[in-house]
Amino acid sequence: MLRSPGDPGDDERFVLVASLDNARNLSNLLKAIHFRDQVTFFASANGIRMTAEAAKSVQGNAFIQASIFQEFRIEEDSVIFLINLTVLLDCLTIFSASSLPGVTTALRMCYRGYGFPLTLFLEESGVVTVCKIQTQEPEETLDFDFCSTNVVNKIILQSESLRETFAELDMSSDVLQITMSPEKPYFRLSTFGDAGSTHCDYPKDSDMIEAFHCNQTQCNKYKISLLKPSTKALALSSKVSLRTDNRGFLSLQYMIRNEDGQICFVEYYCCPDEEMEGLDS
């Protein structure tokens, strides 16, 4: 296992230590929320969550459970700071240009506490690189208050099907309209672009739908500009769960299998387009 060079007692001074035999298991997941430079890094005994936000209307969260790491140790109840995701990804992929097929980069992340940088030790083929990334005071993240008890409709489907549907929709449209209903059309995605309206329907017994739990008809519009970042997660995922609550807020949870076959999750929250809702009423 990759160890941090220096005094053997150094580890005792870190409040967070996390190691991976394959750094791509972290970098690939973080690429799924890379639509903003600054992200909030949050660690607890459960693992690490990184959060990116835009326009106070969309939020992307990448979860890396503690069990994914070969070593995970945290000395405080929680660790939280702001970090530049672009810089972090550049460091995590520092060996990628020269990597040979089948060769992985080992990673060890260490953090001493408030005001200190996040230190990365990366090793590939005996070569060790140390990167120190400045951390900043965390900003308060949006609370979408998306509670499972308020979920009205939920559909789980294979990501391949949703990728194909997105390719057919007219992305010149300002909004994506999502209809979920216990009756026909059951699950419909609609766009309203330059060439007119486009609708893609899924029957509830479609082979692509793994679970269909719709309690009432909901039809909400979401700005495509806010949903576009989530297509990065869609491209990596094997399944996606779409949920809407009683306010029309949307949750998109993507199940992503890493290179070692372990399951990780990326979740996006998005507000409905209030301007469009107002026009419809």
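Residues numbered from 1 in each chain as written. Predicted model: local features only at pLDDT ≥ 70, side-chain atom pairs only at ≥ 80, totals over all residues. Heavy atoms only, no water.

1. So, the overall build of the protein chain
- Within the protein chain one finds six helices and 18 strands.
- Its C-alpha radius of gyration of 21 Å places the protein chain within 12% of the 19 Å reference for a compact globule of 281 residues.
- Across its three principal axes, the protein chain shows a C-alpha extent of roughly 65 × 40 × 35 Å.
- Taking all 281 residues of the protein chain together, 51% fall into the buried category.
- On the protein chain, roughly 13500 Å² of surface is accessible, and the fraction owed to carbon and sulfur atoms is 48%.
- Placing the 24 positive and 39 negative side-chain charges of the protein chain at their respective mean positions leaves the two points 2 Å apart. (Helix = DSSP H or I, 4+ residues; strand = E, 2+ residues; numbered from the N terminus. Rg over C-alpha atoms; globule rule 2.2 N^0.38 Å. Buried < 20%, exposed > 50% of the residue type's maximum accessible area, 1.4 Å probe, protein only. Areas by Shrake-Rupley, 256 points an atom, 1.4 Å probe, with all protein chains shown as cover. Lys, Arg positive; Asp, Glu negative; His and termini not counted. Charge placed at Lys NZ, Arg CZ, Asp CG, Glu CD.)

2. Side note on the pairing of strand E18 (residues 263-270)
- Counting buried positions along E18 gives six out of eight residues, so the element sits mostly inside the fold.
- Here strand E4 (residues 58-65) pairs with E18 via six bridges, running antiparallel. Across the sheet, Ala 62 pairs through a bridge with Val 266, a residue of E18.
- Here strand E17 (residues 250-257) folds back onto E18 in antiparallel fashion, the turn holding five residues, of which Gly 261 has a positive phi close to 85°. (Pairing = 2+ DSSP bridges.)

3. Re the sheet that holds strand E9 (residues 127-133)
- Within the open sheet, the five strands sit side by side as E5-E1-E7-E8-E9. Their pairing is antiparallel. Of all strands in the sheet, those bounded by a partner on one side alone are strand E5 (71-74) and E9. Averaged over neighbouring strand pairs, the angle between their axes works out to 10° when direction is ignored.
- Here strand E1 (residues 16-20) pairs with strand E7 (residues 106-111) via five bridges, running antiparallel. Across the sheet, the residue bridging to Ala 18 is Met 109, located in E7.
- Packing of helix H2 (residues 85-92) onto the sheet brings it into contact with E7, strand E8 (118-124) and E9, and relative to E8 it is tilted by some 25°. (Axes fitted to C-alpha atoms, helices over the stretch in contact; angles between N-to-C directions. Contact = heavy atoms within 4.5 Å.)

4. Brief notes about the packing of aromatic side chains
- Here the structure, examined in full by the defined rule, presents nine aromatic pairs.
- Each ring, one from Phe 35 and one from Tyr 268, has its centre 5.8 Å from the other, and the planes form 35°; the classification is tilted. One end of the pair, Phe 35, is in the loop between helix H1 (24-31) and strand E2 (38-44); the other, Tyr 268, is in strand E18, with 233 residues separating them in the sequence. As far as the burial class goes, Phe 35 and Tyr 268 line up, both buried.
- Connected via pairs of aromatic rings, a cluster forms that spans Phe 144, Phe 146, Phe 249 and Tyr 269.
- The aromatic ring of Phe 249 is capped on one face by Arg 247, whose charged end is 3.8 Å from the ring centroid. (Phe/Tyr/Trp six-rings, centres within 6.5 Å; stacked < 30°, edge-to-face > 60°. Lys NZ or Arg CZ within 6 Å of the ring centre and 35° of its normal.)

5. A word on the pattern of salt bridges
- Applying the stated criterion across every chain yields a total of eight salt bridges.
- The salt bridge partner of Arg 188 is Asp 201, with a shortest N-O separation of 2.6 Å. Here Arg 188, found in strand E12 (residues 187-193), pairs with Asp 201, found in strand E13 (residues 196-202); they are 13 residues apart in sequence, far enough to count as distant.
- Under the relative-accessibility criterion, Arg 188 is labelled partly exposed at 26%.
- The partly exposed category is assigned to Asp 201, whose relative accessible area is 43%. (Salt bridge = Lys/Arg side-chain N within 4 Å of Asp/Glu carboxyl O.)

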